[in-house]
Amino acid sequence: IWADVLGYVRKNISEVEYHTWFAPVKNLGVQDGALVIGVRNSFAQEWFRKHYLELLEDALRALGAQNPQVSFQVLPAAQDALLLPSDPPPAPPGRPPGRPPAGGPPTGLPTENRKTLNPKYTFENFVVGPNNNLAHAAALAVAESPGKAYNPLFIYGDVGLGKTHLMHAVGHYIMERFPEKRIEYVSTESFTNELINAIRDDKTTQFRNRYRSVDLLLVDDIQFLAGKERTQEEFFHTFNALYENHKQIILSSDRPPKDIQTLEGRLRSRFEWGLITDIQSPEFETRVAILKMNAEHNRIDIPQEVLELIARQVTSNIRELEGALMRVVAFASLNSVPFSRAVAAKALSNVFAPQEVKVEMMDVLRSTAAHFNMPPDVIRGSGRVREVVVPRQVAMYLIRELTDHSLPEIGQFFGRDHSTVMHAVSKVTEQLGKDPNLTASVDALRRHLQDVEDEE
Ligand code: ADP
Ligand code: MG
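Note that the structure is predicted; figures quoted are calculated from it, not measured. (Residues numbered from 1 in each chain as written. Chains lettered and ligands numbered in written order. Predicted model: local features only at pLDDT ≥ 70, side-chain atom pairs only at ≥ 80, totals over all residues. Heavy atoms only, no water.)

Peer 1: Looking at this structure, I do not really get the sheet that holds strand S4 (residues 153-157). What am I missing?
Peer 2: Strands pair in a sheet through their backbones, by hydrogen bonds, and they do so in one of two ways: parallel or antiparallel. Strand order in this open sheet of five strands is S5-S6-S7-S4-S8, and the pairing throughout is parallel. What marks the edges here is a single partner per strand, and that holds for strand S5 (183-187) and strand S8 (275-279). Averaged over neighbouring strand pairs, the angle between their axes works out to 15 degrees when direction is ignored. Pairing of S4 with strand S7 (residues 248-253), which is carried by four bridges, proceeds in the parallel orientation. (Pairing = 2+ DSSP bridges. Helix = DSSP H or I, 4+ residues; strand = E, 2+ residues; numbered from the N terminus. Axes fitted to C-alpha atoms, helices over the stretch in contact; angles between N-to-C directions.)

Peer 1: Can you walk me through the site of ligand 1 in this structure?
Peer 2: Close to ligand 1 lie 18 residues; Val127, Gly160, Lys163, Thr164 and His165 are nearest. Between ligand 1 and the protein, one listed contact pairs an oxygen atom with a side-chain N or O atom of Thr164 at 2.7 Å. A total of 560 Å² of accessible area belongs to ligand 1 in isolation, and the protein chains cover 94% of it. Mapped by element, the contributors of at least two residues to the shell around ligand 1 are helix H7 (163-177), helix H12 (284-297) and helix H14 (318-334). The residue makeup of the shell around ligand 1, split by class, is eight nonpolar, six polar and four charged. (Near = heavy atom within 4 Å. Polar contact = N/O pair within 3.5 Å; in protein donor to acceptor, adjacent residues only side chain to side chain. Areas by Shrake-Rupley, 256 points an atom, 1.4 Å probe, with all protein chains shown as cover. Nonpolar A, V, L, I, M, F, W, Y, C, P; charged D, E, K, R; others polar.)

Peer 1: Explain the UniProt feature "binding site: ATP" (unreviewed entry) in the chain to me, please; I cannot follow it from the model alone.
Peer 2: Under the UniProt annotation, the feature "binding site: ATP" (unreviewed entry) is placed at Gly160, Gly162, Lys163 and Thr164. Along the chain, Gly162 turns up in the loop between S4 and H7. The residues contacting Gly162, other than those within four sequence positions of it, are Phe126 and Ile279. Tracing the backbone through its elements, the reader meets Lys163 in helix H7. Note on Lys163: relative accessible area 6%, which makes it buried. When residues no more than four places from it in sequence are discounted, the contact partners of Lys163 are Ile155, Tyr156, Gly157, Asp158, Asp221, Ser252, Ser253 and Ile279. (UniProt positions renumbered as here; feature names shortened; annotations may be inferred. Contact = heavy atoms within 4.5 Å. Buried < 20%, exposed > 50% of the residue type's maximum accessible area, 1.4 Å probe, protein only.)

Peer 1: Hey, could you run me through empty space enclosed by the protein in this one?
Peer 2: By rolling a water-sized probe across the atoms, one finds the places where empty space is left. By the definition in use, this model includes three cavities of 30 Å³ or more. As a volume, the second largest cavity reaches approximately 50 Å³. What lines the second largest cavity is simply Thr20, Trp21, Pro24, Val25, Val39, Arg40, Ala44, Phe48 and Leu334. Residue assignment for the lining of the second largest cavity shows that the elements contributing at least two residues are helix H2 (15-22) and helix H3 (42-51). (1 Å grid on protein atoms, 1.4 Å probe; cavity = no way out; pocket = protein on both sides within 12 Å on 5 of 7 lines; lining within 4 Å. Points joined across faces, edges and corners; volume = space filled by probe spheres on them.)

Peer 1: Can you walk me through the packing of helix H1 (residues 2-12) against helix H4 (residues 53-62) in this structure?
Peer 2: In a pair of packed helices, the angle between the axes and the distance between the axes together describe the arrangement. Across the interface, H1 lies against H4 with an axial gap of 9 Å and an inter-helix angle of 125 degrees. When the interaxial angle is binned, H1 and H4 end up oblique. Relative to H4, H1 is oriented so that their crossing is right-handed. In this structure, H1 contributes Val5, Tyr8, Val9 and Asn12 to the contact, and H4 contributes Leu55, Leu56, Asp58, Ala59, Leu60 and Ala62. (Parallel < 35°, antiparallel > 145°, perpendicular 65-115°, else oblique. Left-handed = near helix turned anticlockwise from the far one by under 90°.)

Structure (structure tokens):
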């Protein structure tokens, strides 16, 4: 039953979420009629109560429980003092979560579609930006008039940019509006494996009937057809049968048809019959919007500046972007700290280039020196004139604010004792808002030190 519960949960939340929260839990069996789940600490316990109780009850209900009850118990502290979420595993290529392994049910009744289409991959959940608006518009056009707008629709782009999401979105859209339509989603990998099995078991007729009788065929990661002659041959006939009957075909690939090596010419030309559209890496604003939507979906209240920091860290792959958000959420909740830029930077420091966000004392010194136009060693030197003292105090103040170093450590860095640092910090604090020059300098330096240059 525990495996079934986990299976149910997994189908209903994202992979990263699942791995962040459910991978480390323990099944403690049934006590007093309630399923008891062991979690790592009281924060996780609170988190589960708030976010996953209903889902777990649903899971039990789906498994036949009349009056499902779930409770969470904190496990005795293990040696895992460092509360970092486990890394999400690499996604299996071309197979969305929830997709049964290759060679699954042999026939696709319309209701089966629900199992192969990820419920989260809808148009509503798809953030449109300059990077994907053409692909989105084409997919929507196809969804509104399948077989009539563009056939086939060929979507290409790098991994993790939303190709599978868009294909499923078309599937959901058509399924809702035309419930009688038969929809088949398959990865090229599964298509190949199913064909191999069908040949082995002498069931090629069933295989053909299945794929040639659908209204909408979604074939993911078609670049994997390269070099597979028998599969190409079979797919060629499938394609023709559907195309001639005005059935909609959508294909995805990591590259355009002309760049798929060892693809038969007749297939390549067919892929080019309809519309070829691409998805590019999302711009900063789109990345922030995707994070925002994700946070709202997961009912996480997380400040804009933290989302922006995450969006700056992960620039190309949306799956990783979502993974980064989950990591920050898990880190903050497991350690019971509020979401802040510093917390986010810490949570991500193991995964993404830490030097980009971690502010070091040396950085502050160098930037301050450059700002005031003097060599760093002069700031650290023994000079007592105002021109040197003010930059020194600003540097101490900013180090105190932006790093985790203690007063004595900062003092040592400047060859002074902690009381000098304390004095500098209170001096600057006192002058902020009063002295416009000083305030402007501190603000400019803080912005410079905190914000990683945006690549756009
Ligand atoms: P691909 O098939 O191109 O490798 P996916 O469709 O699997 O990429 O997308 C990876 C993840 O990013 C999925 O969780 C998907 O929901 C999400 N995603 C991709 N594009 C968007 C978007 N425009 N808006 C919201 N989420 C997106
Ligand atoms: Mg995909």
